[in-house]
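# Remarks on the overall topology
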Amino acid sequence: MSEISAASPLRGAAPSPETTPPIIRLKGLKKTFWRGKEAVHVLDGLNLDVPEGSFEALMGPSGSGKTTLLNLCAGLDQPTEGTVEVAGQTISGLSETLLARWRASTIGFVFQSFHLLPVLTAEQNVELPLILAGLSRAERKRRAVIALRAVGLEDRARHLPRQLSGGQEQRVAIARAIVNDPKLIIADEPTGDLDRQSADDVLTLLVRLNRDFGKTVMMVTHDPAAAERAGIIRRLDKGSLL
Amino acid sequence: MSIPGLAARNLLRNKLRSFLTVSGVTVGVLAFVLLRTVIWAWTAQSEDTAVDRIVTRHKVTFVMELPMSHFDEIRSMKEVRCATYQNWFGGKDPSHDQEFFATIACDEKTLFDVYDDMETPPDQKKAFLEDKQGALVGEKLMQRLGWKLGQTVVLQSQIYPGDWEFHIVGVYKALRKAVDPAQVFFHWDMLNERRPARIKDHIGWIVSRVAPGASAARTSLAIDEHFDALDVQTLSQDEHAFQQSFLAMFSAVLTALDTVSLVILGIMMLILGNTLAMGVRERTGEYAVLRAIGFLPRHMVALVVAEAAALGFVGGAVGLAVAFPLINLGMGRYIEENFGGMFPFFRVTPSAAIVAMALSIALAVVASVPPALAAYRLRVVDALRRVA
Amino acid sequence: MIPIAYNLGSLGVRRRTTATAVLGIALVVFVLAGALMLTAGIRRTLGSTGRADGALVIRKGSDAELSSNIDQASVGLILEGPEVRRSEKGAALGSGEVVVVTALEKIGTKGGVSNVNVRGVADNVWLVRPEAHIVDGVPAKAGTDEAVIGARIRGRFKGVELGQSLELRKGRPARIVGVFEAGGSSFESEIWADVDTVRTAFGREGLVSSTTVQLLSMGSFDAFKARIEHDKNLGLEAMRESIYYEKQSENLAKFIGVLGWLISAFFSIGAMIGAMITMYASVSSREREIGTLRALGFSRRSVLASFMLEACLVSLLGGAVGCAASLALGVVRFSMINFATWSEIVFVFEPTARILVIAMVSAVAMGVLGGFLPAVRAARLRPVEAMRGE
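Residues numbered from 1 in each chain as written. Chains lettered and ligands numbered in written order. Predicted model: local features only at pLDDT ≥ 70, side-chain atom pairs only at ≥ 80, totals over all residues.

## What to know about the overall build of chain C
Selection criterion: Labels follow the DSSP assignment, with helices taken as runs of H or I lasting at least four residues and strands as runs of E lasting at least two, numbered in each case from the N terminus. We compute the radius of gyration from the C-alpha atoms alone; for a globule the expected value is 2.2 Å times N to the 0.38, where N is the number of residues. Residue burial is a threshold on neighbouring C-beta atoms within 10 Å of the residue's own C-beta, all placed from the backbone, with 20 or more meaning buried, 12 or fewer meaning exposed, and counts in between meaning partly exposed. The contact criterion used here is simple: two residues whose C-beta atoms, placed from the backbone, lie within 7 Å are in contact.
Tallying secondary structure elements over chain C gives eleven helices and 14 strands in all. For chain C, the C-alpha radius of gyration of 29 Å lies well beyond 21 Å, the compact-globule estimate for 390 residues. In terms of principal-axis extent, the alpha carbons of chain C reach across some 95 × 45 × 35 Å. Looking at chain C as a whole, 52% of its 390 residues are labelled buried. Sequence-distant contacts in chain C: of pairs separated by 6 or more residues, those separated by 24 or more amount to 82%.

Pasting the structure below:
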């Protein structure tokens, strides 16, 4: 049983699918990988609707397909069969180039190993998605500062990643994920590399973004404590939702 | 902050590796410039030739001589504007007996008509014409042997016995590279007088200038045809072909140097390519994140190529910065002074520098192709999985 | 000591980088060995020309046979002394020779014309120069237009092949009837014809360029020299044949030697830089392993030794490949102008055991020098940090 009640502000939102339109629609989703001559069906005809504003946690054992599912929703991969519709647009079947452009404007990514570019400052890392948007230097800087402020790291704007703690790095990554005002935040094990306190800070941040700013969050996690902070927990096993 | 900026910053990440790579490129560029300078120095004389000057010698071997009548006949040909004759003397200065230079018995009356690119002050020219024992010496030779205008020198010959006394009355400056700036000219009559009767009135070779409008190639053929029926045939070549034939004798070495200079560049590319490949492999995760955020494969290529170009540029610049003073100020001076016979000119030409720089950058870009392709082909999903 | 299997395994796993490093070293060794072999070839060719108990007489002041002229009459005087060896019939083993260079058309490469030494020899030349012998065809008959060619220039010029002929002078062709070898000396780049034929063809009536003799013994030289040079009017100079040819090779060998070392130096620096970069990266990527080894108890010194050993393995392999490749140069014929005679000499690349040893040692030296600093870094890694992957 969860320790935090569903309505608590410490937990992400779980809007009702009846009243809220879905931001993600997955229909008949199949994904097959080839190991030599052997076909591995990671996802085998999965259907899912994710309401807008939801905070979803995907859990499941290794090989259950949760990361694959996440990648498909994020436009990082293409399904073998079936459709992926995100924010009203069918992205399955789009070309690499169009998908890239789409990701730049629609998705914010948070990874397990922060993946900040070590040669850039926090501010420059946060700016990266805005370069693709073709914004002017001044405008990029302005928005980056706002994003950093939102995660509470405005005063660390000029620091390099190696000068930040693990938790701070992840928060900068989150700032980068929101700077382009995405519709969907994709988080793959965001607390995997963090200590308890930092993990907690990061989750609180995500919940705030979800509750206060209405961002839909899809998170894959092993960590039960992280899952608890989500609005909805979905479990996957062998490619199917339980 | 942009792709080139990011590329530059990535280079500063592993300063040691970047330093070593740049050093590798520098060494490659330096070696390339040096070898090309050697080749250039070797062939320089054959490039700056008079297009209308022809050398005519005995067909069989340059050791054999032509009768004086050949000179008169060539001079009277309609295609020939003026002509002069010369003999090899093989002189040596006993006090500098390791120094090799050309000593030539010439027809002083016609020398300057044919060699208008031997600049001599008029009063010295006059003195040379008048003094039977006068010698006209090249500027570079005066410096090398420490001779002074007005000095009397005694030379010995490898061919003719005895001591030969000359008065240095003139110094000439060579205006063209094909003209050896370190020769000694003296009166042919002086040589002829002391030659045994058997070989008197024979000349070593004839140098002529073609009449305006005539082609040197055709005139050479015409001369040889003229003497073909006679007992003593000739071989005529325009100055360029004449110089080239000397080079042909060294063709093996020149080819070897050429090849080596290209191989060095190849090695440079290997080192560079290796470094870039390492960088790409190490940064796979970062590339994956950039792609996830929405950067395109071609942006990844641009990153790698920009890194390569930067390394090539810096390496090339440092290499040239070292090459110029090293060769033009240090090595070149030494070689021109001590091996002036073989290499009267030894310096880095601007065109060699430009070629070296351009090649450095171009080859760097070429070397970046395999790692750039790897970065292009990156599968985002796999890369993210691998690192996480 | 860290087992060598660890090094071998690591090299095997990182195949591409190892291959690149091996290739780099192989290339350097190839160039170094090549340059040394060429220099050795030059020294051997010119050094084996001329006998230690042979003497050459030329005009005093001439540096080379080409510019020397001696009266025919003097030849008799030169040969009549007691220091000159005689055949069983009592004839002096020596003769006057006429040396000229002639321009011949080259075959292959870019064509063009090059100078070849033509030597007019007496018919006792095979006795006077016993190191020379016919290997194909027959010797030229005395007093005829027949000629023999040295094995090294065979087929390199127009008309220089058995059965063909070349024009010494218009209307006076020389027919090639034989090919000779002469112990790898510079004579093998010459054309030998009858002395009188050459004399008349080149207008040297009554003259020879030089006189070559076989002395009774090496020790006879001083007496010979004293007798020859005693009469100043003759204006002659005697020198040991071997020394004469060696002097010719000096400049040439020095020139190639300097060029070769210069190029090798550049290549070596390049290879070392390449090796260093590779080794540093290798150390970097194996930090965790190194940390583990140290934690297990292997000392700093053993880590240093292990990485130095790895560098040496790479360079040994590279050296072996380079040496093997350089042996292929043995079939290459390299022609250069002999600065002293302005005629073409054909050299071969001479592989000697000594050169291969030098090449291998250089390879290992490059490995050691290039691998030292990275190995030190590996040894200095602190186990805990290394294992954590800092």
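## Some remarks on the overall build of chain B
The helix and strand tally for chain B stands at 15 helices and 13 strands. By the compact-globule yardstick of 21 Å for 388 residues, chain B is too spread out, its C-alpha radius of gyration being 30 Å. Seen through its C-alpha atoms, chain B measures out along the principal axes to roughly 100 × 45 × 35 Å. Per-residue burial over chain B gives 47% buried out of 388 residues. When contacts within chain B are restricted to residue pairs at least 6 apart in sequence, long-range pairs at least 24 apart make up 83% of them.

## Topic: the interface of chain B and chain C
Facing 35 residues of chain B, the contacting portion of chain C comprises 42 residues. If you list the elements that add at least two residues to the side of chain B that touches chain C, you get helix 2 (15-47), strand 8 (152-157), helix 9 (239-249) and helix 10 (251-282) of chain B. For the side of chain B that touches chain C, the element with the most residues is helix 10 of chain B, which contributes eleven residues.

## What about the interface of chain B and chain A?
For clarity, the threshold we go by: Amino acid classes used here: Ala, Val, Leu, Ile, Met, Phe, Trp, Tyr, Cys and Pro are nonpolar; Asp, Glu, Lys and Arg are charged; the rest, including Gly, are polar.
Listed per partner, the contact involves 17 residues of chain B and 23 residues of chain A. Mapped by element, the contributors of at least two residues to the side of chain B that touches chain A are helix 1 (3-11), helix 11 (284-293) and helix 15 (380-387) of chain B. It is helix 11 of chain B that contributes the most residues to the side of chain B that touches chain A, five residues altogether. Along the lines of polarity and charge, the residues of the side of chain B that touches chain A split into eleven nonpolar, three polar and three charged.

## A word on the packing of helix 10 of chain B against helix 2 (residues 15-47) of chain C
Stated formally: An axis is simply a line fitted to the C-alpha atoms; with a helix, the fit covers only the stretch in contact. Between two such axes, the angle follows the N-to-C directions and lies from 0 to 180 degrees. Small angles under 35 degrees read as roughly parallel and large ones over 145 as roughly antiparallel, with 65 to 115 read as roughly perpendicular and the rest as oblique. When the near helix sits turned anticlockwise from the far one by under a right angle, the crossing is termed left-handed; a clockwise turn instead gives a right-handed crossing.
Relative orientation of the contacting elements helix 10 of chain B and helix 2 of chain C amounts to 160°, with a least axis distance of 11 Å. In this view, helix 10 of chain B runs roughly antiparallel relative to helix 2 of chain C, as classed from their interaxial angle. When you trace helix 10 of chain B past helix 2 of chain C, the crossing you get is left-handed. Across the interface between the two elements, B:Ile267, B:Leu270 and B:Asn274 of helix 10 of chain B pack against C:Thr17, C:Thr20, C:Gly24 and C:Leu27 of helix 2 of chain C. Class assignment of the residues belonging to the contact of helix 10 of chain B with helix 2 of chain C gives a composition of three nonpolar, four polar and no charged.

## A closer look at the sheet that holds strand 3 (residues 55-59) of chain A
All names here are of chain A. Applicable threshold: Here, any two strands with at least 2 DSSP bridges between them count as paired.
One open sheet accounts for six strands, arranged 6-7-8-3-9-10; its pairing is mixed. At either margin of the open sheet sits one strand with a lone partner, and together these are strand 6 (107-110) and strand 10 (240-241). Relative to strand 10, strand 9 (residues 232-237) runs antiparallel, the two sharing two bridges. Each residue of the ladder has a partner; that of leucine 236, found in strand 10, is leucine 241. Contacts between helix 5 (residues 166-178) and the sheet are confined to strand 6 and strand 7 (184-188), with strand 6 contributing the most and set at about 170° to the helix.

## Quick word on the sheet that holds strand 2 (residues 38-51) of chain A
Pairing between the strands of a sheet is mediated by backbone hydrogen bonds and can be parallel or antiparallel. All names here are of chain A. With antiparallel pairing, the four strands of this open sheet are ordered in space as 2-1-4-5. Each of the sheet's edge strands pairs with one partner strand only, and the pair in question is strand 2 and strand 5 (89-90). Both strand 1 (residues 22-35) and strand 4 (residues 81-86) contribute to a ladder of five bridges, which runs antiparallel. Within strand 4, the position partnered with leucine 26 by the bridge is valine 84.

## Quick word on the arrangement of the chains
Across the two pairs of chains in contact, the largest number of contacts is found between chains B and C. What separates chain A from chain C at the closest point of their C-alpha atoms is a distance of 11 Å, and the two make no contact.

## Describing helix 14 (residues 369-376) of chain B
Defined as follows: This arc is built from the directions going out from the helix axis to the C-beta atoms.
Here helix 14 of chain B has its buried residues at B:Pro371, B:Ala372 and B:Ala375. Taken around the axis of helix 14 of chain B, the buried residues stretch over an arc of 100°, which confines them to a single face.

## Topic: the domain arrangement of chain C
All names here are of chain C. Here is the rule: Start and end positions for the domains come from either an automated domain assignment or a database one.
By the assigned domains, chain C splits into domain 1 (4-47 + 248-388) and domain 2 (54-216). For domain 1 and domain 2, the distance between their C-alpha centres works out to 45 Å. Counting residues at the interface gives eleven residues for domain 1 and 15 residues for domain 2. Elements that contribute at least two residues to the side of domain 1 that touches domain 2 include exactly helix 2 and strand 14 (343-348). Counting residues per element, the side of domain 1 that touches domain 2 draws most heavily on strand 14, at four residues. When the residues that make up the side of domain 1 that touches domain 2 are grouped by side-chain class, the tally is five nonpolar, three polar and three charged.

## Points about the confidence of the model for chain C
Inclusion rule: Every residue gets a pLDDT, meaning the predictor's confidence in that residue, from 0 to 100.
Confidence in the prediction for chain C averages 85 pLDDT; 98% of positions are at 70 or higher. For this predicted complex, the interface score ipTM comes out at 0.85, while the overall pTM is 0.78.

## Quick notes on unusual backbone geometry
Even without being a glycine, A:Glu189 presents a positive backbone phi close to 50°. Locating A:Glu189 in the fold gives a position in the loop between strand 7 and helix 6 (196-213). A tally of 21 C-beta atoms within 10 Å means that A:Glu189 is categorised as buried. Positive phi is not limited to glycine here, since B:Asp201 has a value of about 60°.

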